[in-house]
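Observations on the three-dimensional arrangement
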Amino acid sequence: MATSSRTTPPRPRAFGLALLDALTAGAALGYLAHQYREALVANSAAIGLALLFAVGFGGAVRAAARLLRQANSRVDAIFADELRDKPSPWPR
């Protein structure tokens, strides 16, 4: 399967776009932190716990997806092994 430059940006360009996205997100978060400084300071413990739970939840979802992918590949291997030995039910 060949990819054209119109559908997939070259790797250096993708890296530059990722850096630009990170810079934009950082600037936006900095602006929001400046605007809501008092609320952030007053609720820092709750914000920290929410971030901790969000990271933990993301890790759990990633681990579950990895386990499901491994189980799927094992089931595919079993089916391929079982179906390889049987003749085709359709006439030739």
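Source: prediction; values computed, not measured.

1. What about the overall build of the protein chain?
Of the regular secondary structure elements, the protein chain holds 3 helices and 0 strands. Moving toward the C terminus, one meets the helices and strands of the protein chain in the order α-α-α. When each of the 92 residues of the protein chain is scored for burial, the buried share is 0%. Entry remark: accessible area of the protein chain is about 8700 Å², with carbon and sulfur atoms responsible for 67%.

2. Focus on a nonpolar patch on the surface
Together, Leu29, Tyr31, Leu32, Tyr36, Leu40, Ile47 and Leu51 give the surface a local cluster of nonpolar side chains, amounting to about 720 Å² of exposed area. Examining the composition of the nonpolar patch, we find that 3 residues originate from one element, helix α1 (residues 11-35), more than from any other. With respect to the element layout, tyrosine 31 can be found in helix α1.

3. A few points about the confidence of the model for the protein chain
On average, residues of the protein chain score 84 in pLDDT, and 84% of them reach the 70 mark or higher. Of all helices and strands in the protein chain, the one with the weakest mean pLDDT is helix α2 (residues 37-42) (86), whereas helix α3 (residues 44-84) scores best (91).

What counts, and where the lines are drawn
Residues numbered from 1 in each chain as written. Predicted model: local features only at pLDDT ≥ 70, side-chain atom pairs only at ≥ 80, totals over all residues. Heavy atoms only, no water. Helix = DSSP H or I, 4+ residues; strand = E, 2+ residues; numbered from the N terminus. Buried < 20%, exposed > 50% of the residue type's maximum accessible area, 1.4 Å probe, protein only. Areas by Shrake-Rupley, 256 points an atom, 1.4 Å probe, with all protein chains shown as cover. Patch = residues over 30% accessible without salt bridge, like charges linked within 9 Å, V, L, I, M, F, W, Y side chains within 5 Å. Salt bridge = Lys/Arg side-chain N within 4 Å of Asp/Glu carboxyl O. pLDDT = per-residue confidence, 0-100.

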